[in-house]
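Structure at a glance
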Amino acid sequence: MNKYYLFKNIEKNVQKYWNIKKTFKSIKNVNIKKYYILCMIPYPSGNLHMGHVRNYTIGDIISRFQRMNGKNVIHPMGWDAFGLPAETSAIKHNTSPLIWTYKNIKIMKKQLKYLGFSYDWDREIITCKPEYYKWEQWFFIKLYKKKLIYKKKSLVNWCEYDKTVLANEQVINNNCWRCDNKIKKKKLYQWFLKINIYAKQLLNDLKYLKYWPIKVINMQKNWIGRVKIILVSFNILNSNKKIVIYLNKLIFLMYISHVIISINNPISLKESKKNIKINKFILKYFKKNSGNFKKKSIFSNLFVIHPITKIKIPIWIVNYTLSDNINKLNIAIPKYNKYNFFFSKKYNIPIILNIYNLKFNIINNLFLNSYKFNLLNIKKKKKIILNKLIKFNLIKKKIFYKLLDWNISRQRYWGTPIPIATIINNNNIITIPEKQLPIILPENIFNNNINFNKNNLKYFKILINNKYAKLETDTLDTFIESSWYYLRYTCPKYNKNIIKLKSANYWLPVDQYIGGIEHAIMHLLYFRFFHKIFRDFGLINYNEPVKKLICQGMVLSHAFYYLNKKKEKIWIYKNQINIEFDIKNKIIKLKNKNGKKIKYAGMIKMSKSKNNGINPIKIIKKYGSDTVRLFIISASPIESELEWKESQLIGIHKFLKRFWKIVFNHIKKKKIKPLKIKILTFNQKKIIFFLHKLIYEINYDIKYRQSLNTIISRIVKFINKLNNLNIINNNKFILHECLLVLIRLLYPFIPHICFKIWKLLGEKINIDFISWPVFNKKILNKKLKIIIQINSKFFNKLKINSNYSKEFILNIIKKKFIFKKNILNKIYKIIYIKKKIFNIILKNNK
């Protein structure tokens, strides 16, 4: 054994061994309980970042822990390879997205192997491969034939910068989720997937996700948006037509001053044919609608009749909202809305602030006994009014879900081709026959003039049943690929169906899923939705795809910038600045090498755009992957943000070197004899107790609390106890026993060094196939006597287990001994000298 911890050689050799032996290959075995651990599929951007490292390290620790506990573990990895970033990067670098993507996959796969993750690389999937998206096209056709997919001309969220449509979930504060530019509304023919009809299931089944973060549950609840609404019919004056307005509170019905409709509402468009002013207003604002202009309105010359008061209510056309739905109308309520109030004042629209004067008419119209009605409380009044309105068919109650159908069309090249074509002679829409799948992305199309090429039949012409047709030029939203990939991992090479039923139903559901909280209402919602569709097609047996979900926190780092002449922030690297720190390691002075005034942005999320990212590979080469893995886990709880501090990383590296040195000195000693507990000294028995307590605590932390950051501190404390009790230098038998346990406890976290040390200690079977240590209950539950005192005077003796807490002992005392009435309600404080004295001090004695 080398005296020094040569991590580069150790890690290289161990990784080579794992790769050759395919140590982590997963094979279906119905006689062994399975465990499916999955980290969210990465996009191959070209380089790992610390967020990746944190996510995948958590997954690898759980994977190795479950394997050591006898589970048949599947731990796959793949690549979410389609998407706009690859397309734009390919244009920028004058290459094709295919070449760009595969180059990035090669880089990232190599980086993942540097970290020693226990993936079954035989299950690797790449979503841009035809053998993957063939089955996506096949399933699209199944959904289309079941009428779960449809095409319609619709107002869509259009990103002018990215030249593509965005789903509602991809629009944040009216901006594109990817480029942060303002979105516009545009009318295009689009393909939609009927997620709305699953809204009730998606909402109700959240109650079964007991091991999901409550924050994710609430975010999905809010996005699905179950709302109890009231539908009120209004007759249009001098017309036999009606409009329906949605209300979430009945009281709003009595305070309506006017109705607001969009410029593209069918009512607006019909009136524009009769009125030149309305026509000019609509033409002026329809194409410009992006929310970047002043709010304007025009009177439609139409009124509706209030169903109860019979008052005329004007309809106004506005430029600041767009909708396809004639029933998607807004009502103005000046009593509760300031903008509505000033609008009504501006155009002299009557405002209702008090409905007292309307009471008589309301009561008469509802045929109610006014005297009895006035004696009722408010709740009963509301109920009577509501029931009467329903009885007279003036209103209806309905449950409404805000979740809209999913727009799955994208106007880009680098995505799954939609398996639909239009017959050239008659424009009939047909699906691609199964024998002609997959429809491969056309070659040589990719250049800066994509739209021109899309209209060129040379690339999109296809012969179907002896008829020429034009292929659909839109591609599918890439969220579809990431909505079912976890199923394909169970049978990645199966070519007879989208999934192999026996394999899928053996491995599913996913036992542990890991990813960022930012995916709560896009990926995780679509993920659940697709699972339910697969269930309804009889392909899987479970209602939900995932049992447990971990949402790890972001990795933060120092960020710095200066303002240029245009007052724009120019982000700079930390190594470009001279930084002075105080005693508490806080920044007190900043100075750029060029003399510019530098501003500190604080600890913020690592980002390429902010120039505050850390290259994991550089850190690995400097300290080793085991050091990086242990730091990234021990620095903070997994659900919390992690502040990157290299000083803490250095501390972890020192611990590994110390651990290596302990083993080195131990191996130099003579041959070890088997350990016999009967001949142990008091200190030796004490350390054995602490060892089994350590096993119990770490097992509990990983299995039940999912608290991984506490492990290293517990082990460091234990090693300090070994030193304090002279075990390291004077008790080689005990030390050997302790080392064998410590290596197994540390193996999921730092597998390379543990693999090497395990062999050096003379163990014949590789640690990859060794079981997790089991604590001895008899040792932990050893009985001892303590003295109970009240106000420092002897009261009694009590036999307890050595690991009982102060609170637990107090509860035993309350149950076991009879005290005077209320004596234990007067406890001032408790002094507990572990394993010796339990002293209860009462308030009147303080």
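Here, every reference points to the structure presented above.
Because the structure is predicted, anything quoted here is derived from the model rather than measured. (Residues numbered from 1 in each chain as written. Predicted model: local features only at pLDDT ≥ 70, side-chain atom pairs only at ≥ 80, totals over all residues. Heavy atoms only, no water.)

A look at a positive patch on the surface
Taken together, the side chains of Lys200, Arg226, Lys228, Lys380, Lys383 and Lys397 present a region of like positive charge at the surface. Of all the elements in the fold, those that place two or more residues in the positive patch are strand 10 (226–236) and helix 13 (378–391). Here Lys383 is to be found in helix 13. Residue Lys383 is classed as exposed on the basis of its relative accessible area, which comes to 58%. (Patch = residues over 30% accessible without salt bridge, like charges linked within 9 Å, V, L, I, M, F, W, Y side chains within 5 Å. Areas by Shrake-Rupley, 256 points an atom, 1.4 Å probe, with all protein chains shown as cover. Salt bridge = Lys/Arg side-chain N within 4 Å of Asp/Glu carboxyl O. Lys, Arg positive; Asp, Glu negative; His and termini not counted. Charge placed at Lys NZ, Arg CZ, Asp CG, Glu CD. Helix = DSSP H or I, 4+ residues; strand = E, 2+ residues; numbered from the N terminus. Buried < 20%, exposed > 50% of the residue type's maximum accessible area, 1.4 Å probe, protein only.)

Things to note about the packing of helix 2 (residues 50–68) against helix 20 (residues 625–634)
Taken N-terminus to C-terminus, the directions of helix 2 and helix 20 make an angle of 95°; their axes are 9 Å apart at the nearest point. If you check the angle between helix 2 and helix 20, you find them roughly perpendicular. In contact with Met50, Val53, Arg54, Thr57, Ile58, Asp60, Ile61 and Arg64 of helix 2, helix 20 contributes Val628, Arg629, Ile632 and Ile633. Classifying every residue of the contact of helix 2 with helix 20 gives seven nonpolar, one polar and four charged. (Axes fitted to C-alpha atoms, helices over the stretch in contact; angles between N-to-C directions. Parallel < 35°, antiparallel > 145°, perpendicular 65-115°, else oblique. Contact = heavy atoms within 4.5 Å. Nonpolar A, V, L, I, M, F, W, Y, C, P; charged D, E, K, R; others polar.)

Re the packing of aromatic side chains
According to the stated counting rule, one finds 52 aromatic pairs in the structure shown. A centroid spacing of 6.0 Å and a plane angle of 55° characterise the contact between Tyr5 and Phe7, whose relative ring orientation is tilted. What makes Tyr5 buried here is its relative accessible area of 8%. Relative to Phe343, the ring of Tyr339 lies with its centre 6.3 Å away and its plane at 45°, an arrangement referred to as tilted. (Phe/Tyr/Trp six-rings, centres within 6.5 Å; stacked < 30°, edge-to-face > 60°.)

Describing the sheet that holds strand 19 (residues 420–423)
The antiparallel open sheet is built from four strands, whose spatial order is 20-19-22-21. Each edge of the open sheet is held by one strand with a lone partner, namely strand 20 (429–431) and strand 21 (461–464). Averaged over all pairs of adjacent strands, the angle between their axes in this sheet comes to 45°, without regard to strand direction. With three bridges connecting them, strand 19 and strand 22 (residues 467–471) associate as antiparallel partners. The residue bridging Ala421 from the neighbouring strand is Leu471, located in strand 22. Along the sheet face, helix 5 (residues 130–145) touches strand 19 and strand 20 and points at about 125° away from the line of strand 20. (Pairing = 2+ DSSP bridges.)

Focus on the nonpolar core
Core analysis: the biggest nonpolar cluster contains 107 residues, and Leu112, Ile687, Ile715, Phe718 and Leu722 have the highest contact counts within it. Counting residues per element, this core draws most heavily on helix 25 (residues 732–746), at ten residues. Judged by nonpolar contacts, the second largest core, of 78 residues, contains Trp135, Trp406, Ile420 and Ile480. (Core = buried A, V, L, I, M, F, W, Y, C linked by side-chain atoms within 4.5 Å.)

Examining unusual backbone geometry
Going from Leu437 to Pro438, the amide bond is cis rather than trans, its omega being 0°. Considering the arrangement of structural elements, one finds Pro438 in the loop between strand 20 and helix 14 (450–454). Looking along the chain, the bond that leaves Leu508 and enters Pro509 is cis, with omega of -5°. With respect to the helices and strands, Pro509 occurs in the loop between helix 17 (501–507) and strand 24 (510–515).

Looking at the pairing of strand 9 (residues 183–193)
As judged from the eleven bridges shared by strand 5 (residues 149–159) and strand 9, these two strands associate in the antiparallel manner. Of the residues in strand 9, the one forming a bridge with Cys159 is Ile183. Of the strand pairs in this sheet, strand 9 and strand 17 (residues 406–407) are connected by two bridges, and their pairing is antiparallel. For Leu193, the partnering residue across the bridge sits in strand 17 and is Trp406.

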